[in-house]
Amino acid sequence: MPINKTKLTTASTGIFFSVALLLSIGVAAFAYTSMRVFEERAIWVQHTHTVLYTLEEAHSTFRDTVSSARGYALSGNDEYRGNFEAGVRQVNSLMHELRQLLRDNGPQLDELQELEDLMRQRLTLARKLLEVQPEPIQGELLLAGKDLSDAIRGHFAHMKGAENALLATRSQESANSAALTSAAVVCGSLLSILILVLVYRKLKREVGRRVEAQQKAQAYSDDIEDLYNNAPCGYHSIDERSGKIVKINDTELKWLGYTRDQVVGRLTHADLLTPDSEQRYLDELLPLFLNTREIHGVDLTYRRADGSTFTALINATATPARDGSGVVSRTVMYDISERKRAEEEIQGLNADLKRQALHLHSVNKELESFSYSVSHDLRAPLRAISGYAMILEEDYAEALDEKGREQLQVIRRNVKKMDELINDLLKLAKSTTGELTLERFSMDEPVSQVIAGLKRENPDVEFDVAAMDGVVANRGLITQVWENLLSNAVKFSSKNAQPKVTVTVRTEGEEIIYGVHDNGVGFDMRYAHKLFGTFQRLHRQEEYAGTGIGLALVQRIVIRHTGRVWAEGKPKEGASFYFSLPRKGLFPTPVGGEQ
């Protein structure tokens, strides 16, 4: 039953459409015919207007021409003669134009012929006025031709009247034709609209159902297309008969830098690869794919439109074409350039670390050799020198005068200074070698230990020490830092009447900052950059003894603990030395990390 109803609806709809179509064609044909008739009548109306205008212009020109002849007769002015000749030519031209316009109207054409004869006669009389001298007795000539002029005026008036009557008739016919055409078009259009409304009402429900179905199908298709084009991976399909790419998504086009028109139907998969990957694809992967109909987890390097490259992981499968004409391969690709770069970077870093480790191992070996040489090869001669000087001083004291004994003391002092310098160099070398063993301890312990030793030798120095919490560091190296900083503070404030050394601590962000302050000689901040250099001194040896290595040793130890060190001071106002250590945990800097 529903099938019969559908057929009936379709048949009735077809009949309505056919009737509407035939009616529309009939209305269009009738309207076209009516418009052609209306157009022709409008042309004739315009033709009549042209005839009337030309008659009026011919009559006016004729009168002006005759007046020019009279003007010449009265004044003798040659300008009137020229105007007369020009008027005659223009009248002849206008009469010729009227003959052309009235060739379809016999009565008017006959009357025009009579008019032309009269006008020739009148112009002949007027020309006679040009041939005589202007004298009073020639007044009769001026009045001659009045009857001809009246007759000519009558002919013009009669012809205008005939044309005006024809114009009225033609205008009425044109208006009737336009009204008939409009009525036919309006009636036919209304009838067509009525039939179309009926058909529309019949089709509306069916069209609504079809539109809804199409919208759902289109939405589903758009979703699929959007997922295809904006997927996080690239897709392309290849017609295996031609080898050309027949479909590709936006993601892959963006990676490659091509437009769809540049790729689809023009390029093969091999065209997108670098030469090495292209050779591998053609020699190995394509034969394998043709045999197994699938490829999984293969890395290939692709060449972009601008010449740059990127690496992608591909998977490909083959499926029959929808029309059954062949096989289409579908390839999925993932851009793994970042992963490849990360792998290469890691490999490079590993290689650098290996080279650095070998270099550090070599440096450590050299430092160990240096330390051994300093400990044994350099100290042996110093001990011999010191021993011989002591023998001379003890066994030959009576044989030496005061100057000789003084020279022996100079030798022994310099030997002692050299020994101290060797000890400091050994400490400097050991501060950057070996394993950095960390432990948690209270910072009060090494500070108190160092201050106790300094008080025994410098009882006049006042120490003011702030309370300090625990820290994670190498106890031995940090003790060396305190020993160097505090001994420097005592040394450079020793000439003050009331020497004082203050130890402070504060927390800033992720750092614990320790400070050692004295009221000694201070220093000029312009030379602060030299303080932590090896063998750098801001004061003479005679004023303040030292090897110039203590602060360099402090800097290396602190930096190895991932801290920092700096100083502030003013001449004769004392100095402040600071170093920082991390609050939470500690990632020690490798040997040589101070660079």
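Remember, it's a predicted structure, so these values are computed and weren't measured experimentally.

This paragraph deals with the pairing of strand S8 (residues 470-473). Regular strands place their side chains on alternate faces of the sheet. Burial of the side chains of S8 is restricted to one face: Val-471 and Ala-473 are buried, whereas none of Gly-470 and Val-472 on the reverse face is. As paired elements, strand S6 (residues 439-442) and S8 share four bridges and run antiparallel to each other. By the bridge assignment, Ser-442 is partnered in S8 with Gly-470.

Here the focus is empty space enclosed by the protein. For the structure shown, the criterion picks out one cavity of 30 Å³ or more. Put simply, the largest cavity is a space of about 40 Å³. If you trace the largest cavity, you find it lined by His-47, Thr-48, Leu-102, Asp-104, Asn-105, Glu-163, Leu-166 and Arg-170. Looking at the lining of the largest cavity, the elements that each hand over two or more residues are helix H1 (2-75) and helix H5 (146-229). At three residues, the largest contribution of residues to the lining of the largest cavity is made by H5. Grouping the amino acids of the lining of the largest cavity by side-chain chemistry returns two nonpolar, three polar and three charged.

Think of an α-helix as turning once every 3.6 residues; residues three or four places apart then point the same way. Spanning 19 residues, helix H12 (residues 475-493) covers 27 Å between terminal C-alpha atoms, matching the ideal 27 Å at 1.5 Å per step. Across the 19 residues of H12, 14 count as buried, placing the element largely inside the fold. Between a side-chain oxygen at the N-terminus of H12 and the backbone nitrogen of Gly-476 the separation is 3.2 Å; the capping residue is Asn-474.

Opposite charge on two side chains lets them pair, provided their charged atoms get close. Enumeration according to the criterion identifies 14 salt bridges in this entry. In this structure, the salt-bridge partner of Glu-85 is Arg-127, at a minimum N-O distance of 2.9 Å. Taken together, the residues Glu-85 in helix H2 (residues 78-101) and Arg-127 in helix H3 (residues 106-131) connect sequence positions 42 residues apart. On the accessibility criterion, Arg-127 (31% relative accessible area) is partly exposed. In this structure, Glu-343 and Arg-339 form a salt bridge, with 3.7 Å as the shortest nitrogen-oxygen distance.

In this section: the sheet that holds strand S10 (residues 511-518). The strand order across the open sheet formed by five strands is S7-S9-S10-S12-S11, and the pairing between neighbours is mixed. The two strands at the open ends of the sheet, each matched to only one other strand, are strand S7 (462-465) and strand S11 (565-569). The average undirected angle you get between the axes of adjacent strands in this sheet is 15°. As defined by bridge partners, S10 adjoins strand S12 (residues 575-582) across eight bridges and the pair is classed as antiparallel. Note that in S12 the partner of Val-516 across the bridge is Phe-577. Contacts from H12 reach S7, strand S9 (500-508), S10 and S12, with the element oriented near 25° to S10.

Strand order across the open sheet formed by five strands is S2-S1-S5-S4-S3, with antiparallel pairing between neighbours. Edge positions in the sheet fall to strand S2 (245-248) and strand S3 (294-303), since each has one partner strand and no second. On average, each strand axis in the sheet is tilted by 30° relative to the strand beside it, whichever way the strands run. Summarising the sheet, S3 and strand S4 (residues 309-320) pair through eight bridges and their orientation is antiparallel. Note on S4: the bridge partner recorded for Tyr-302 is Phe-310.

The geometry of an aromatic ring pair is captured by two quantities: the separation of the ring centres and the angle between the planes. Here the structure, examined in full by the defined rule, presents seven aromatic pairs. Arranged with centres 5.2 Å apart and planes meeting at 75°, the rings of Trp-482 and Phe-579 form a pair that is edge-to-face. Residue Trp-482 is found in helix H12, and its partner Phe-579 is found in strand S12; the two are separated by 97 residues along the sequence. As far as burial versus exposure is concerned, Trp-482 and Phe-579 are alike and both buried. Ring centres 6.2 Å apart and planes at 45° place the aromatic pair Phe-523 and Phe-577 in the tilted group. Of this pair, Phe-523 sits in the loop between S10 and helix H13 (550-560) while Phe-577 sits in strand S12; the two residues are 54 residues apart in sequence, bridging distant segments of the chain. Through successive ring pairs, a cluster of aromatic residues spans Trp-255, Tyr-302 and Phe-310.

All right, on to the nonpolar core then. Most often, soluble globular proteins keep nonpolar side chains buried together rather than apart. Of all hydrophobic cores here, the largest spans 40 residues; its most connected members are Met-443, Trp-482, Leu-486, Tyr-514, Phe-577 and Phe-579. When contributions to this core are tallied by element, the ones reaching two or more residues are helix H11 (444-457), S8, H12, S9, S10, H13, S11 and S12. If you tally residues by element for this core, the top one is H12, at eight residues. In this view, Met-443 contacts Met-468, Asp-469, Gly-470, Val-471, Ile-478, Trp-482, Tyr-514 and Leu-581; residues no more than four positions away in its chain are not counted. The next biggest cluster of nonpolar side chains, apart from the first, holds 28 residues, and it includes Phe-62, Leu-94, Leu-123 and Ala-126.

Turning our eyes to something else, we now look at unusual backbone geometry. Not every positive phi belongs to a glycine, and Thr-562 is a case in point at roughly 60°. Along the chain, the position of Thr-562 falls in the loop between H13 and S11. Even without glycine at this site, Lys-572 takes up a positive phi of about 65°. You can see Lys-572 is positioned in the loop between S11 and S12.

What follows concerns the confidence of the model for the chain. Taken over all residues, the pLDDT of the chain has a mean of 78, while the share at 70 or more is 80%. Every residue in residues 586-595 scores below 50 in pLDDT, and together they form 24 contacts with partners more than four places removed in sequence or on other chains.

Tracing the backbone shows Val-450 in helix H11. Remark: the alpha-carbon pair of Val-450 and Leu-486, spanning 36 residues in sequence, is separated by 7.7 Å.

This part takes up the packing of H2 against H3. Running from N to C, H2 and H3 point in directions that differ by 170°, and their axes come no closer than 11 Å. In terms of orientation, H2 lies roughly antiparallel with respect to H3. Along its contact with H2, which presents Arg-81, Phe-84, Glu-85, Val-88, Val-91, Met-95, Leu-98 and Arg-99, the element H3 presents Leu-109, Leu-112, Leu-115, Glu-116, Met-119, Leu-123, Ala-126, Arg-127 and Leu-130. Within the contact of H2 with H3, the residues separate by chemical class into 12 nonpolar, no polar and five charged.

Time to look at a negative patch on the surface. Together, Asp-222, Asp-223, Glu-225 and Asp-226 make up a negatively charged patch on the protein surface. On the secondary structure map, Asp-226 appears in helix H5.

This part takes up H2. Here H2 spans 35 Å end to end across 24 residues, near enough to the 34 Å set by a 1.5 Å rise per residue. Within H2, burial applies to Phe-84, Gly-87, Val-88, Val-91, Leu-94, Met-95, Leu-98 and Leu-101. Two or three places before Glu-79, at the start of H2, stands the capping residue Asn-77, its side-chain oxygen 3.0 Å from that residue's backbone nitrogen.

Parameters and conventions
Residues numbered from 1 in each chain as written. Predicted model: local features only at pLDDT ≥ 70, side-chain atom pairs only at ≥ 80, totals over all residues. Heavy atoms only, no water. Buried < 20%, exposed > 50% of the residue type's maximum accessible area, 1.4 Å probe, protein only. Helix = DSSP H or I, 4+ residues; strand = E, 2+ residues; numbered from the N terminus. Pairing = 2+ DSSP bridges. 1 Å grid on protein atoms, 1.4 Å probe; cavity = no way out; pocket = protein on both sides within 12 Å on 5 of 7 lines; lining within 4 Å. Points joined across faces, edges and corners; volume = space filled by probe spheres on them. Nonpolar A, V, L, I, M, F, W, Y, C, P; charged D, E, K, R; others polar. Expected span 1.5 Å × (residues − 1). Polar contact = N/O pair within 3.5 Å; in protein donor to acceptor, adjacent residues only side chain to side chain. Salt bridge = Lys/Arg side-chain N within 4 Å of Asp/Glu carboxyl O. Axes fitted to C-alpha atoms, helices over the stretch in contact; angles between N-to-C directions. Contact = heavy atoms within 4.5 Å. Phe/Tyr/Trp six-rings, centres within 6.5 Å; stacked < 30°, edge-to-face > 60°. Core = buried A, V, L, I, M, F, W, Y, C linked by side-chain atoms within 4.5 Å. pLDDT = per-residue confidence, 0-100. Parallel < 35°, antiparallel > 145°, perpendicular 65-115°, else oblique. Patch = residues over 30% accessible without salt bridge, like charges linked within 9 Å, V, L, I, M, F, W, Y side chains within 5 Å. Areas by Shrake-Rupley, 256 points an atom, 1.4 Å probe, with all protein chains shown as cover. Lys, Arg positive; Asp, Glu negative; His and termini not counted. Charge placed at Lys NZ, Arg CZ, Asp CG, Glu CD.

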